[in-house]
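Analysis of the macromolecular model
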Amino acid sequence: MAFRLTPHERGFYPLFTRAAENIVAAAEGLAELVAADPADRPPLAARVKDLEHAGDDLTHEIMVKLNSVFVTPFDREDIYRLASSLDDVLDAMEEAADRIVLYRLDELPKGISVQTDVLLRAAISTAAAMPGLEKLESLREYWVHVNSLEDEGDAAYRSLLRDLLAPDDDVTPLDVLTVLKIKEVVETLEEAADAFETVANTVESIAVKEA
């Protein structure tokens, strides 16, 4: 850990932890929504939206603190990037939940459950890692794990696109409008996985700089 002559503001650490824990709750809600009957999905989507609003409040609190303190625990650009990436994860998950309900999608491809499972595991891993920002110990396992999860999510994404756009001969193709609706959901979930990777890469950058 780099030696500091000036005490720094420690209030960022609990804010990042709370933001990540909020994402876990949203990921759990999203996974539950995907597995639910269509009629049961609207209140679950509303719950994910409420969590997205809570995440916005936490992001705002981090940004206000970033603009009001003199000495930060690590580079300001990394604090901004970490907060923004966590917010991007939550935005994408809320958007996916909203589209599933808005588009009145009934049966979803099994691959979407794989995507939401990857997101939930990434969320749990991220929440477990955030308290470690204060000492930056043993976090390498975290960013390696999340990068491997992104690879897993990318494989699911590609498989889903193949099945949607070029189904096997023995599979009845969906109508074009349904394909487009599902494709939007699949792409939005992939955006969430990419944002988790950005979170992990930012943590790695912080650890390298502060070593």
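Residues numbered from 1 in each chain as written. Predicted model: local features only at pLDDT ≥ 70, side-chain atom pairs only at ≥ 80, totals over all residues. Heavy atoms only, no water.

As for the overall build of the protein chain
So the rule is basically this: Think of it this way: any DSSP run of H or I at least four residues long counts as a helix, any run of E at least two long counts as a strand, and we number them from the N terminus. Between the two quantities, the radius of gyration covers C-alpha atoms and the globule rule is 2.2 Å times the number of residues to the power 0.38. Burial classes follow relative accessibility: with a 1.4 Å probe on protein chains only, a residue under 20% of its type's maximum area counts as buried, one over 50% as exposed, and anything between as partly exposed. Contacts are assigned to residue pairs that have any heavy atoms within 4.5 Å of one another. A 1.4 Å probe and the Shrake-Rupley method give the accessible areas. Residues count as covered only by the protein chains that appear here. In this tally, Lys and Arg are treated as positive and Asp and Glu as negative; His is ignored, and so are the chain termini. Note on charges: their place is set at NZ of Lys, CZ of Arg, CG of Asp or CD of Glu.
What the protein chain contains, in helices and strands, is six helices and zero strands. Ordered by position from the N terminus, the helices and strands of the protein chain form the series α-α-α-α-α-α. Against the compact-globule benchmark of 17 Å for 211 residues, the protein chain has a radius of gyration of 19 Å, which places it among compact chains. On the principal axes, the C-alpha backbone points of the protein chain span a range of 70 × 30 × 20 Å. Across the 211 residues of the protein chain, 48% fall into the buried class. In the protein chain, the share of contacts with a sequence separation of at least 24, taken over all contacts with a separation of at least 6, comes to 84%. About 10900 Å² of surface is accessible on the protein chain, with carbon and sulfur atoms providing 52% of the total. Of the side-chain charges in the protein chain, 20 are positive and 43 negative, and the distance between the mean point of each set is 4 Å.

Comments concerning the side chain of Arg41
In plain terms, the rule: Distance and chemistry together define a polar contact, namely a pair of N or O atoms within 3.5 Å, with one atom able to donate a hydrogen and the other to accept it when in protein, and with adjacent residues in sequence counting only for side-chain atoms on both sides.
Relative to the assigned elements, Arg41 resides in helix H2 (residues 41-66). Within the structure, Arg41 has its side chain in polar contact with the backbone oxygen of Leu105 (distance 2.7 Å).

A look at the nonpolar core
Basically, it comes down to this: Buried Ala, Val, Leu, Ile, Met, Phe, Trp, Tyr and Cys residues form a nonpolar core when they are joined through side-chain atoms within 4.5 Å.
Core analysis: the largest hydrophobic core is formed by 71 residues, its most contacted members being Phe16, Met93 and Ile112. Residue assignment for this core shows that the elements contributing at least two residues are helix H1 (12-35), H2, helix H3 (76-102), helix H4 (110-129), helix H5 (140-165) and helix H6 (176-210). For this core, the element with the highest residue contribution is H6, accounting for 14 residues. When residues no more than four places from it in sequence are discounted, the contact partners of Phe16 are Ile62, Phe74, Ile79, Leu82, Ala83, Leu86, Met130 and Leu133.

Quick notes on the packing of H3 against H6
Rules: Geometry is summarised by axes, namely lines fitted to C-alpha atoms with helices restricted to the contacting stretch, and by angles between N-to-C directions that run from 0 to 180 degrees. By the definition adopted for this analysis, an angle is roughly parallel if under 35 degrees, roughly antiparallel if over 145, roughly perpendicular if from 65 to 115, and oblique otherwise. In this scheme the crossing of two helices becomes right-handed for a clockwise turn of the near helix relative to the far one and left-handed for an anticlockwise turn of less than a right angle. Following the grouping adopted for this structure description, the nonpolar residues are Ala, Val, Leu, Ile, Met, Phe, Trp, Tyr, Cys and Pro, the charged ones are Asp, Glu, Lys and Arg, and the polar ones are all others, Gly among them.
Orientation of H3 relative to H6, taken along the N-to-C sense of each, is 165°, at an axis distance of 8 Å. The orientation of H3 with respect to H6, classified from their angle, is roughly antiparallel. By crossing handedness, the relation of H3 to H6 is classed as left-handed. In terms of residue class, the contact of H3 with H6 is built from 15 nonpolar, five polar and nine charged.

Points about the confidence of the model for the protein chain
Our working definition: pLDDT is a per-residue confidence score from the predictor, ranging from 0 to 100.
Within the protein chain, residue pLDDT values average 91, and 92% of them lie at 70 or more. Counting interchain partners and residues more than four positions distant, the pLDDT-below-50 stretch residues 1-7 has 13 contacts.

Some points on empty space enclosed by the protein
Note the following rule: Points on a 1 Å grid over protein atoms alone make up a cavity when a 1.4 Å probe fits among them but cannot get out, and a pocket when they form an open set with protein on both sides within 12 Å along at least five of seven lines; lining residues each have an atom within 4 Å of a point. Grid points are joined across faces, edges and corners, and a volume is the space filled by probe spheres set on the points.
Going through the model one piece at a time under the given rule, you end up with two cavities of 30 Å³ or more. Taken as a whole, the largest cavity encloses approximately 60 Å³ of empty space. In terms of lining residues, the largest cavity is bounded by Ala19, Asn22, Ile23, Gly55, Thr59, Ile62, Ala83, Leu86, Asp87 and Leu90. Every element with two or more residues in the lining of the largest cavity is listed here: H1, H2 and H3. Split by residue class, the lining of the largest cavity holds six nonpolar, three polar and one charged. As for the second largest cavity, its lining consists of Val118, Leu119, Ala122, Val146, Leu149, Glu150, Ala193 and Phe196.

Looking at the packing of H4 against H5
Contact geometry for H4 and H5: axes closest at 9 Å, N-to-C directions at 170°. Between H4 and H5, the interaxial angle falls into the category roughly antiparallel. In this structure, H4 meets H5 at a crossing whose hand is left-handed. Contacts between H4 and H5 involve Gly111, Ile112, Val114, Gln115, Val118, Arg121, Ala122, Ser125, Thr126 and Ala129 from the first element and Tyr142, His145, Val146, Leu149, Glu152, Gly153, Ala156, Tyr157 and Leu160 from the second. Tallied by class, the residues present in the contact of H4 with H5 amount to 11 nonpolar, six polar and two charged.

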